[in-house]
Amino acid sequence: MLNLLKSSLKNSLITLLLVAVFIGISTTGWTSSSIAALPAGNAITDGKALLRYALPIENEPVRKLQKSLEDIATQLRANRRWRAIKNDLKTASRVLSKPEKILASVPQENQQQASVWINELQTGVEKLQEVAKTKDKDDTWIERAKLLDLVSKLEESMVTAFPYEVPAEYSNLPQLKGRATVEVKTTKGDVEVVLDGYSAPVTAGNFVDLVQRGFYDGLEFLRAEDFYVLQAGDPPGKDVGFIDPKTGEYRAIPMEVLVEGDKEPMYGITLEEAGLYTEMPVLPFSAYGAVAMARPETEVNGGSSQFFFFLFEPELTPAGRNLLDGRYSVFGYVTEGKEILEKIKQGDKIESAKVTQGIENLVEPSNA
């Protein structure tokens, strides 16, 4: 099974490179011509941004605010288009001038704190407008990041409850009904991962449960290939996954992917097998440091404890136009410490993994 876990990723990614390098990321047979014509830059390549968009909220003003601030990154990369940045900030300011429309989606118990964040955003946008006038790229990046962190908090405060029921057949597995943050200490430095239970409750719940058990502490990275993957989670001995001490059985985690526009994830089938070639996962492989479940190539529901950090540069893996989206379950993103991933080599270890936020969102199996 271990060889299958390795060969599955290797075969997929070799194919991906062949597609990307030799035919210019052609998508014949995979995406519609209209999607294929989009430049790679249209993919969202920041894990934090993807996590914001993955939140189950429907407040149009706050999404407009977020989009205007996210767009600043695009303009900074495109020869620092300061006029466009100015327009983005005008849009943000207009949205914030009507706080009642944002607060309409915030539960009453969260409105006081949300009002504070809105005030801070108003002040921050004014400050960023002044910074943008100086055309200081570094300061613009810094101030934009501060504002988007506030937007994240504001959007998270709008979520009132877990938005759907996980199928009863998975009630024997841990579930993360919300978000959790995990600090992974390695021999090369610390990495922070945010797990998205809204999009992948079973996969993320399994990971959080194993972190809580100390399962990953001391385990080696069994694979570490530049611009490829970092894979870990293989326990010592003959087993290649987690053996539940209560049952003595291998804990198998199903394929789980939430498609954009759907209300709940699909289970037990890849998007390719479902014939959904043009559909986009809510959590795509377009961000460096995407965290996904490894599995045997021939067993779509055979994942367990092994996972991988995805290390390809976003330009080579635009969302919806690579061969991994919808074939493996992404369940989070590295939000801090991406530079550490570049340093880790095969044989380096996870010294410890600890849940630092969101443990209250872990729901233990009903038969526990």
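All of these numbers come straight from a predicted model, not from anything done at the bench. (Residues numbered from 1 in each chain as written. Predicted model: local features only at pLDDT ≥ 70, side-chain atom pairs only at ≥ 80, totals over all residues. Heavy atoms only, no water.)

## What to know about helix α5 (residues 82–96)
Phase 1 of the analysis: An ideal rise of 1.5 Å per residue puts 21 Å on 15 residues; α5 measures up with 21 Å between its terminal C-alpha atoms.
Phase 2 of the analysis: Buried within α5 are the following residues: Trp82, Ile85, Asp88, Leu89, Thr91, Ala92, Val95 and Leu96.
Phase 3 of the analysis: Each element contacted by the buried residues of α5 is listed here: α4 (60–77), α6 (99–103), α7 (111–133) and α8 (137–156). (Helix = DSSP H or I, 4+ residues; strand = E, 2+ residues; numbered from the N terminus. Expected span 1.5 Å × (residues − 1). Buried < 20%, exposed > 50% of the residue type's maximum accessible area, 1.4 Å probe, protein only. Contact = heavy atoms within 4.5 Å.)

## Re the sheet that holds strand β5 (residues 229–232)
Phase 1 of the analysis: Strand order across the open sheet formed by 8 strands is β4-β5-β11-β10-β12-β3-β2-β13, with antiparallel pairing between neighbours. Because the sheet does not close on itself, it has two edges, and the strands there are β4 (221–224) and β13 (350–357). Each adjacent strand pair in this sheet contributes to an overall mean axis angle of 25°, direction not counted.
Phase 2 of the analysis: Relative to β5, β4 runs antiparallel, the two sharing 3 bridges. Residue pairing for β5: Ala224 is matched across the bridge by Leu230.
Phase 3 of the analysis: Those strands touched by helix α3 (residues 47–54) are β2 (179–186), β3 (189–196) and β12 (330–336), and its axis lies near 130° from that of β12. (Pairing = 2+ DSSP bridges. Axes fitted to C-alpha atoms, helices over the stretch in contact; angles between N-to-C directions.)

## Let's talk about the packing of α5 against α7
Phase 1 of the analysis: The N-to-C vectors of α5 and α7 enclose an angle of 160°; their axes lie 10 Å apart at closest approach. The pairing of α5 with α7 is recorded here as roughly antiparallel in orientation. When you trace α5 past α7, the crossing you get is left-handed. Contacts between α5 and α7 involve Trp82, Ile85, Leu89, Lys90, Ala92, Ser93 and Leu96 from the former and Ile118, Leu121, Gln122, Val125, Leu128, Gln129 and Ala132 from the latter.
Phase 2 of the analysis: Residue classes in the contact of α5 with α7 are distributed as 10 nonpolar, 3 polar and 1 charged. (Parallel < 35°, antiparallel > 145°, perpendicular 65-115°, else oblique. Left-handed = near helix turned anticlockwise from the far one by under 90°. Nonpolar A, V, L, I, M, F, W, Y, C, P; charged D, E, K, R; others polar.)

## A look at the confidence of the model for the protein
Phase 1 of the analysis: On average, residues of the protein score 88 in pLDDT, and 85% of them reach the 70 mark or higher.
Phase 2 of the analysis: Here residues 1–5 is modelled with pLDDT under 50, and outside its nearest four sequence neighbours on either side it reaches 17 contacts, counting other chains as well.
Phase 3 of the analysis: Note on residues 12–41: pLDDT is under 50 here. Beyond four places in sequence and across chains, it has 50 contacts. (pLDDT = per-residue confidence, 0-100.)

## Some remarks on empty space enclosed by the protein
Phase 1 of the analysis: Scanning the entire structure with this criterion turns up 2 cavities of 30 Å³ or more.
Phase 2 of the analysis: What the largest cavity holds in volume is close to 90 Å³.
Phase 3 of the analysis: Lining the largest cavity are 15 residues, with Val257, Leu258, Pro281, Leu283 and Val330 sitting closest to its centre.
Phase 4 of the analysis: In terms of residue class, the lining of the largest cavity is made up of 10 nonpolar, 3 polar and 2 charged.
Phase 5 of the analysis: Computed from the structure, the second largest cavity encloses a volume of approximately 30 Å³.
Phase 6 of the analysis: Among the residues forming the lining of the second largest cavity, the class breakdown is 5 nonpolar, 1 polar and 1 charged. (1 Å grid on protein atoms, 1.4 Å probe; cavity = no way out; pocket = protein on both sides within 12 Å on 5 of 7 lines; lining within 4 Å. Points joined across faces, edges and corners; volume = space filled by probe spheres on them.)

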